[in-house]
Amino acid sequence: MREVISVHLGQGGIQVGNQCWELYCLEHGIEPDGKMPSDLTPGEENDSFNTFFSETSSGKHVPRAIYADLEPSVCDEVRNGLYGKLYHPEQIINGKEDAANNYARGHYTTGKEIVDTVLDRIRKLADNCTGLQGFLVFHATGGGTGSGLGSL
């Protein structure tokens, strides 16, 4: 099996990621709660969509993705949005204050506070893969979280 993990950092990365996962779901017939009515072999992961989704024992498809931002508002949009039930709660990580569009805050101060948590969650996703092929990283190059935390 070939798996890919997506990492979405900062407001830009999360907003782009939210749209990407919505399209992935629409392309493969996965409902906003992770159920896939057309999956005739629940529990077996040998279809192309399993590169980006892992399947739970109950037949729910969960994105191989991590969302991280230094402030909660954008993460809350994902949690409370139409596809909020698609993600495991541990996949959406946020801090308490933002980087204020400042690379140094995202890299040296507030970003350092959550980087260990983000790396642990990525490691946990990677450990559940049988043939990890790579990572897709979505982030902005300007601002604070996407650029500062993204460079850690």
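Our subject is the structure that appears above.
Just so you know, these numbers come straight off a predicted model, no measurement behind them.

Rules of the game
- Residues numbered from 1 in each chain as written.
- Predicted model: local features only at pLDDT ≥ 70, side-chain atom pairs only at ≥ 80, totals over all residues.
- Heavy atoms only, no water.
- Helix = DSSP H or I, 4+ residues; strand = E, 2+ residues; numbered from the N terminus.
- Buried < 20%, exposed > 50% of the residue type's maximum accessible area, 1.4 Å probe, protein only.
- Contact = heavy atoms within 4.5 Å.
- Areas by Shrake-Rupley, 256 points an atom, 1.4 Å probe, with all protein chains shown as cover.
- Expected span 1.5 Å × (residues − 1).
- Arc of directions from axis to C-beta.
- Axes fitted to C-alpha atoms, helices over the stretch in contact; angles between N-to-C directions.
- Parallel < 35°, antiparallel > 145°, perpendicular 65-115°, else oblique.
- Left-handed = near helix turned anticlockwise from the far one by under 90°.
- Nonpolar A, V, L, I, M, F, W, Y, C, P; charged D, E, K, R; others polar.

Observations regarding the overall build of the chain
Turning to step 1, where the next piece is worked out: Counting its regular elements, the chain contains four helices and six strands.
Turning to step 2, where the next piece is worked out: The N-to-C order of helical and strand elements in the chain reads β-α-β-β-β-α-β-α-β-α.
Turning to step 3, where the next piece is worked out: Residues counted as buried form 44% of the 152 residues belonging to the chain.
Turning to step 4, where the next piece is worked out: Relative to all contacts within the chain whose residues are 6 or more apart in sequence, the contacts with residues 24 or more apart total 71%.
Turning to step 5, where the next piece is worked out: As displayed, the chain offers around 7900 Å² of accessible surface, 50% of which is attributable to carbon and sulfur atoms.

Looking at helix α1 (residues 10-28)
For an α-helix the count is 3.6 residues per turn, leaving residues at separations of three or four pointing the same way.
Turning to step 1, where the next piece is worked out: Spanning 19 residues, α1 covers 27 Å between terminal C-alpha atoms, matching the ideal 27 Å at 1.5 Å per step.
Turning to step 2, where the next piece is worked out: Among all positions of α1, only Gly10, Gly13, Ile14, Gly17, Cys20, Trp21, Tyr24 and Cys25 are buried. Summarising the axial view, the buried residues of α1 lie within an arc of 135°, below the 170-degree limit, and thus occupy one face.
Turning to step 3, where the next piece is worked out: Looking one or two residues past α1, Gly29 carries a phi angle of roughly 75°, positive in sign.

Notes on the packing of α1 against helix α2 (residues 72-80)
Turning to step 1, where the next piece is worked out: Running from amino to carboxyl end, α1 crosses α2 at an angle of 15°, the nearest separation of the two axes being 9 Å. Relative to α2, the element α1 lies roughly parallel. Seen along the crossing, α1 lies across α2 with a hand that is left-handed. For the pair formed by α1 and α2, the contact residues are Gln11, Ile14, Gln15 and Asn18 on the first element and Val74, Cys75, Glu77 and Val78 on the second.
Turning to step 2, where the next piece is worked out: Considering only residue class, the contact of α1 with α2 consists of four nonpolar, three polar and one charged.

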